[in-house]
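Report on the structure
What follows is the residue order along each chain.
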Amino acid sequence: MFQYRGRDVLAVPEASKAASLAGIAKFQPFTPKRRLYRWLMSGLISIGAARLAAVSRANPVGSEFRFDFNLWRAELEESLGRRIAHAIVTWPPQPTRRRLYVHLLDENFQAFGFVKVACSGSDQEKLAAEAEALRVLDKLPLRQLRAPKLLHQGCFEEIGFLMMEPLPAAARPFRLDVGDDGSSLTAEYRGETFDVAA
(Lines give C-alpha, C1' and ligand atoms only; values in the text may rest on other atoms or scores of the structure.)
Protein backbone atom coordinates (compact mmCIF):
# COMPACT_ATOMS: atom_id res chain seq x y z
CA MET A 1 0.00 0.00 0.00
CA PHE A 2 1.63 3.23 -1.15
CA GLN A 3 0.65 6.46 0.56
CA TYR A 4 1.34 10.14 0.04
CA ARG A 5 1.16 12.52 2.98
CA GLY A 6 -0.68 9.87 4.98
CA ARG A 7 -3.29 9.27 2.29
CA ASP A 8 -3.74 6.01 0.37
CA VAL A 9 -2.91 6.43 -3.30
CA LEU A 10 -2.14 2.97 -4.69
CA ALA A 11 -2.36 -0.69 -3.66
CA VAL A 12 -0.29 -3.21 -5.61
CA PRO A 13 0.18 -6.98 -5.13
CA GLU A 14 3.12 -8.20 -3.08
CA ALA A 15 3.09 -11.54 -4.92
CA SER A 16 6.23 -10.70 -6.91
CA LYS A 17 8.33 -7.81 -8.13
CA ALA A 18 6.72 -8.20 -11.58
CA ALA A 19 3.22 -7.97 -10.07
CA SER A 20 4.15 -4.87 -8.07
CA LEU A 21 5.67 -3.18 -11.15
CA ALA A 22 2.56 -4.02 -13.19
CA GLY A 23 0.53 -2.39 -10.44
CA ILE A 24 2.61 0.78 -10.24
CA ALA A 25 2.26 1.14 -14.02
CA LYS A 26 -1.48 1.72 -13.45
CA PHE A 27 -0.77 4.89 -11.45
CA GLN A 28 -1.61 7.56 -14.01
CA PRO A 29 1.20 10.15 -14.37
CA PHE A 30 -0.97 13.05 -15.55
CA THR A 31 0.96 15.65 -13.54
CA PRO A 32 4.73 16.10 -13.08
CA LYS A 33 4.38 15.31 -9.36
CA ARG A 34 2.56 12.04 -10.06
CA ARG A 35 5.11 11.17 -12.78
CA LEU A 36 7.97 11.67 -10.30
CA TYR A 37 6.14 9.68 -7.61
CA ARG A 38 5.58 6.75 -9.99
CA TRP A 39 9.21 6.83 -11.08
CA LEU A 40 10.45 6.81 -7.47
CA MET A 41 8.10 3.98 -6.41
CA SER A 42 9.06 1.93 -9.49
CA GLY A 43 12.71 2.38 -8.55
CA LEU A 44 12.10 1.23 -4.97
CA ILE A 45 10.22 -1.84 -6.20
CA SER A 46 12.95 -2.66 -8.73
CA ILE A 47 15.69 -2.69 -6.08
CA GLY A 48 13.54 -4.58 -3.57
CA ALA A 49 13.13 -1.62 -1.22
CA ALA A 50 9.40 -0.97 -1.54
CA ARG A 51 8.98 -1.37 2.22
CA LEU A 52 10.71 1.99 2.67
CA ALA A 53 7.64 3.71 1.21
CA ALA A 54 4.82 1.18 1.49
CA VAL A 55 2.87 -0.65 4.17
CA SER A 56 1.26 -4.10 4.02
CA ARG A 57 -2.48 -4.59 4.53
CA ALA A 58 -4.59 -7.70 4.05
CA ASN A 59 -7.49 -5.54 2.85
CA PRO A 60 -6.31 -2.72 0.58
CA VAL A 61 -9.42 -0.65 1.30
CA GLY A 62 -9.56 1.26 4.58
CA SER A 63 -12.53 1.26 6.95
CA GLU A 64 -13.82 4.57 5.57
CA PHE A 65 -15.21 2.71 2.53
CA ARG A 66 -17.25 0.29 4.67
CA PHE A 67 -17.08 -2.79 2.47
CA ASP A 68 -15.08 -6.02 2.41
CA PHE A 69 -12.85 -5.67 -0.65
CA ASN A 70 -11.73 -9.29 -0.67
CA LEU A 71 -15.30 -10.61 -0.46
CA TRP A 72 -16.37 -8.20 -3.23
CA ARG A 73 -13.47 -9.42 -5.38
CA ALA A 74 -14.52 -13.06 -4.86
CA GLU A 75 -18.13 -12.27 -5.80
CA LEU A 76 -16.94 -10.35 -8.87
CA GLU A 77 -14.86 -13.37 -9.96
CA GLU A 78 -17.95 -15.55 -9.62
CA SER A 79 -20.10 -13.12 -11.63
CA LEU A 80 -17.47 -12.84 -14.38
CA GLY A 81 -16.69 -16.54 -14.44
CA ARG A 82 -12.96 -15.88 -14.46
CA ARG A 83 -10.12 -15.49 -12.00
CA ILE A 84 -8.77 -12.08 -11.03
CA ALA A 85 -5.07 -12.79 -10.62
CA HIS A 86 -4.20 -9.26 -9.51
CA ALA A 87 -6.35 -6.31 -8.45
CA ILE A 88 -4.65 -2.90 -8.48
CA VAL A 89 -6.47 -0.22 -6.49
CA THR A 90 -5.95 3.50 -7.10
CA TRP A 91 -7.53 6.43 -5.30
CA PRO A 92 -8.58 9.66 -7.02
CA PRO A 93 -6.23 12.62 -6.52
CA GLN A 94 -9.05 14.61 -4.86
CA PRO A 95 -9.17 13.44 -1.20
CA THR A 96 -12.88 14.30 -0.88
CA ARG A 97 -13.99 11.96 -3.69
CA ARG A 98 -15.30 8.73 -2.21
CA ARG A 99 -14.32 6.57 -5.14
CA LEU A 100 -11.89 3.80 -5.92
CA TYR A 101 -10.56 2.64 -9.27
CA VAL A 102 -9.67 -1.04 -9.60
CA HIS A 103 -7.62 -2.49 -12.47
CA LEU A 104 -8.18 -6.21 -12.96
CA LEU A 105 -5.22 -8.18 -14.33
CA ASP A 106 -4.79 -11.79 -15.43
CA GLU A 107 -1.88 -14.11 -14.62
CA ASN A 108 0.22 -12.46 -17.37
CA PHE A 109 -0.39 -8.97 -15.90
CA GLN A 110 -2.66 -8.06 -18.80
CA ALA A 111 -5.61 -5.82 -17.88
CA PHE A 112 -9.03 -7.25 -18.72
CA GLY A 113 -11.26 -4.91 -16.74
CA PHE A 114 -11.41 -1.47 -15.17
CA VAL A 115 -13.85 -0.97 -12.29
CA LYS A 116 -15.13 2.29 -10.84
CA VAL A 117 -16.36 1.91 -7.26
CA ALA A 118 -18.60 4.60 -5.74
CA CYS A 119 -19.44 4.87 -2.06
CA SER A 120 -21.74 7.89 -1.85
CA GLY A 121 -25.34 7.70 -3.07
CA SER A 122 -24.97 10.66 -5.45
CA ASP A 123 -21.82 9.14 -6.95
CA GLN A 124 -23.61 5.82 -7.42
CA GLU A 125 -26.26 7.69 -9.44
CA LYS A 126 -23.48 9.12 -11.63
CA LEU A 127 -22.13 5.60 -12.23
CA ALA A 128 -25.62 4.43 -13.24
CA ALA A 129 -25.85 7.32 -15.74
CA GLU A 130 -22.39 6.47 -17.08
CA ALA A 131 -23.37 2.82 -17.49
CA GLU A 132 -26.47 3.85 -19.46
CA ALA A 133 -24.36 6.13 -21.68
CA LEU A 134 -21.97 3.24 -22.42
CA ARG A 135 -24.95 1.03 -23.35
CA VAL A 136 -26.27 3.68 -25.74
CA LEU A 137 -22.84 4.24 -27.33
CA ASP A 138 -22.41 0.49 -27.79
CA LYS A 139 -25.52 0.44 -30.00
CA LEU A 140 -24.28 3.21 -32.31
CA PRO A 141 -22.39 2.39 -35.53
CA LEU A 142 -19.26 4.32 -34.54
CA ARG A 143 -16.51 4.39 -37.15
CA GLN A 144 -13.90 6.88 -35.95
CA LEU A 145 -14.55 6.80 -32.22
CA ARG A 146 -14.58 3.86 -29.85
CA ALA A 147 -16.01 3.79 -26.35
CA PRO A 148 -15.13 1.04 -23.86
CA LYS A 149 -17.79 -1.63 -23.50
CA LEU A 150 -19.70 -1.99 -20.26
CA LEU A 151 -18.85 -5.45 -18.89
CA HIS A 152 -20.66 -5.54 -15.55
CA GLN A 153 -22.59 -3.31 -13.17
CA GLY A 154 -23.83 -3.95 -9.67
CA CYS A 155 -24.04 -3.15 -5.97
CA PHE A 156 -22.26 -4.77 -3.05
CA GLU A 157 -22.92 -3.89 0.58
CA GLU A 158 -22.84 -0.06 0.58
CA ILE A 159 -21.08 0.47 -2.76
CA GLY A 160 -22.07 0.67 -6.40
CA PHE A 161 -19.67 -0.27 -9.18
CA LEU A 162 -19.36 -0.54 -12.91
CA MET A 163 -16.80 -2.52 -14.85
CA MET A 164 -15.76 -1.65 -18.37
CA GLU A 165 -13.12 -2.69 -20.84
CA PRO A 166 -9.73 -1.25 -19.95
CA LEU A 167 -8.38 1.45 -22.22
CA PRO A 168 -5.52 0.32 -24.47
CA ALA A 169 -2.12 1.02 -22.92
CA ALA A 170 -1.28 3.41 -25.76
CA ALA A 171 -4.51 5.45 -25.41
CA ARG A 172 -4.06 9.16 -24.75
CA PRO A 173 -6.68 11.84 -24.13
CA PHE A 174 -7.55 13.92 -27.17
CA ARG A 175 -6.70 17.57 -26.74
CA LEU A 176 -8.50 20.44 -28.43
CA ASP A 177 -7.06 23.92 -28.48
CA VAL A 178 -9.25 26.94 -27.79
CA GLY A 179 -11.18 27.74 -30.96
CA ASP A 180 -10.84 24.24 -32.45
CA ASP A 181 -13.98 22.85 -34.05
CA GLY A 182 -14.87 19.61 -32.26
CA SER A 183 -17.97 18.92 -34.36
CA SER A 184 -16.24 16.20 -36.39
CA LEU A 185 -15.54 14.31 -33.16
CA THR A 186 -19.14 14.46 -31.95
CA ALA A 187 -20.81 13.84 -35.32
CA GLU A 188 -21.03 10.07 -34.80
CA TYR A 189 -22.99 10.24 -31.56
CA ARG A 190 -24.53 13.67 -31.16
CA GLY A 191 -27.85 13.07 -32.94
CA GLU A 192 -29.79 15.74 -34.80
CA THR A 193 -28.59 19.34 -34.44
CA PHE A 194 -30.81 22.40 -34.39
CA ASP A 195 -30.47 26.14 -33.91
CA VAL A 196 -31.66 27.83 -30.75
CA ALA A 197 -33.24 31.23 -31.31
CA ALA A 198 -31.51 34.11 -29.53
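Heads up: the structure comes first, above all this text.
Report on the accompanying structure. (Residues numbered from 1 in each chain as written. Predicted model: local features only at pLDDT ≥ 70, side-chain atom pairs only at ≥ 80, totals over all residues. Heavy atoms only, no water.)

1. Quick notes on helix α2 (residues 32–46)
Stated precisely, the cut-off is as follows: Helix and strand assignments come from DSSP, with helices taken as H or I runs of at least 4 residues and strands as E runs of at least 2, each series counted from the N terminus. How far a helix is expected to stretch is found by multiplying one less than its residue total by 1.5 Å. Working definition: with a 1.4 Å probe on protein chains only, accessible area under 20% of the residue-type maximum means buried, over 50% means exposed, and in between means partly exposed. Working note: the arc is built from the helix axis to C-beta atom directions. Here a residue-residue contact requires only that any non-hydrogen atoms of the pair lie within 4.5 Å.
Spanning 15 residues, α2 covers 21 Å between terminal C-alpha atoms, matching the ideal 21 Å at 1.5 Å per step. Along α2, the positions that sit buried rather than exposed are R34, Y37, M41, L44 and I45. An end-on view of α2 places all buried positions within 100° of arc, on one side of the element. Facing away from the buried side of α2 by more than 90 degrees, the exposed set consists of P32 and W39. Check the buried side of α2 and you find it contacts β1 (2–4), β2 (7–11) and α1 (17–24). A positive backbone phi angle near 75° is found at G48, which sits one or two residues after α2.

2. Observations regarding a negative patch on the surface
Going by this rule: To count toward a patch, a residue needs a relative accessible area over 30% and no salt bridge; like charges are then connected within 9 Å, while nonpolar side chains (Val, Leu, Ile, Met, Phe, Trp, Tyr) are connected within 5 Å. Computed with a 1.4 Å probe, the accessible areas rest on the Shrake-Rupley method; for each residue, only the protein chains presented here act as cover. The salt bridge definition used is simple: a Lys or Arg side-chain nitrogen within 4 Å of an Asp or Glu carboxyl oxygen. We score Asp and Glu as negative and Lys and Arg as positive, and we do not count His or the chain ends. Note on charges: their place is set at NZ of Lys, CZ of Arg, CG of Asp or CD of Glu.
Residues D68, E75, E78 and E157 make up a contiguous surface patch of negative charge. Note that E78 resides in helix α3 (residues 69–80).

3. A few points about the environment of L137
Mapped onto the secondary structure, L137 falls in helix α4 (residues 121–139). For the pair L137 and K149, spaced 12 residues apart in sequence, the C-alpha separation works out to 8.6 Å. Discounting residues that sit within four places of it in the chain, L137 has contacts with L142, A147 and Y189.

4. Some remarks on the pairing of strand β3 (residues 86–90)
For the record, the criterion: Only strands joined by at least two bridges in the DSSP assignment are considered to pair.
Most of β3 sits inside the fold, with 5 of its 5 residues counted as buried. Alternating positions in β3 separate into two faces, H86, I88 and T90 on one and A87 and V89 on the other, with burial throughout. With 2 bridges joining them, β2 and β3 adopt antiparallel strand pairing. Paired with L10 across the bridge in β3 is T90.

5. Describing the environment of N59
Residue placement: N59 occurs in the loop between α2 and α3. Considered as a pair, N59 and V136 are 77 residues apart in the sequence and their alpha carbons are 35 Å apart. Setting aside chain neighbours within four positions, we find N59 in contact with F67, D68, F69 and N70.

6. Focus: a nonpolar patch on the surface
A cluster of nonpolar residues, L36, W39 and L40, forms a patch on the protein surface that exposes about 350 Å² of accessible area. As for its placement among the helices and strands, W39 is situated in helix α2. Overall, W39 belongs to the exposed group, its relative accessible area being 61%.

7. Remarks on the side chain of S20
Worth spelling out the cut-off: Here a polar contact means two N or O atoms within 3.5 Å. Within protein one must be a hydrogen donor candidate and the other an acceptor candidate, and residues neighboring in sequence count only if both atoms are side-chain atoms.
Note on placement: S20 falls in helix α1. In this structure S20 comes out as buried when scored by relative accessible area, which is 10%. A polar atom in the side chain of S20 sits 2.6 Å from the backbone oxygen of P13. Not counting chain neighbours up to four residues away, the residues in contact with S20 comprise V12, P13, E14 and I45.

8. A few points about the packing of aromatic side chains
In plain terms, the rule: A pair of aromatic rings is counted whenever rings of Phe, Tyr or Trp (Trp by its six-membered ring) have centres within 6.5 Å, and the orientation is called stacked for planes under 30 degrees apart, edge-to-face for over 60 and tilted otherwise. The criterion for a charge sitting over a ring is simple: Lys NZ or Arg CZ within 6 Å of the ring centre, and within 35 degrees of the ring normal.
One pass over the structure, following the stated rule, counts 8 aromatic pairs. Consider the rings of F67 and F156, whose centres lie 6.4 Å apart with planes at 80°: the pair is edge-to-face. You can see F67 sitting in the loop between α2 and α3 and its partner F156 sitting in strand β6 (residues 150–156), a full 89 residues away along the chain. The pair formed by F67 and F156 is uniform in burial state, with each residue classed as buried. One aromatic cluster is present, built from ring pairs that chain together F67, F69, W72, F156 and F161. Seen from the ring of F27, R34 lies directly overhead, with NZ or CZ sitting 4.1 Å from the centre. In this structure, R82 is placed above the aromatic ring of F112, and the distance from its NZ or CZ to the ring centre is 3.7 Å.

9. Some details on α4
Across its 19 residues, α4 extends 28 Å between first and last C-alpha, which sits within 8% of the 27 Å expected from 1.5 Å per residue. Taken residue by residue, α4 has D123, L127, A131 and L134 as its buried positions. End-on, the buried residues of α4 take up no more than an arc of 95°, which puts them together on one face. Seen from the buried face of α4, the exposed residues on the opposite side, beyond 90 degrees, are E125, K126 and K139. As for α4, its buried residues are in contact with β4 (99–105), β5 (111–118), β6 and β7 (159–164).

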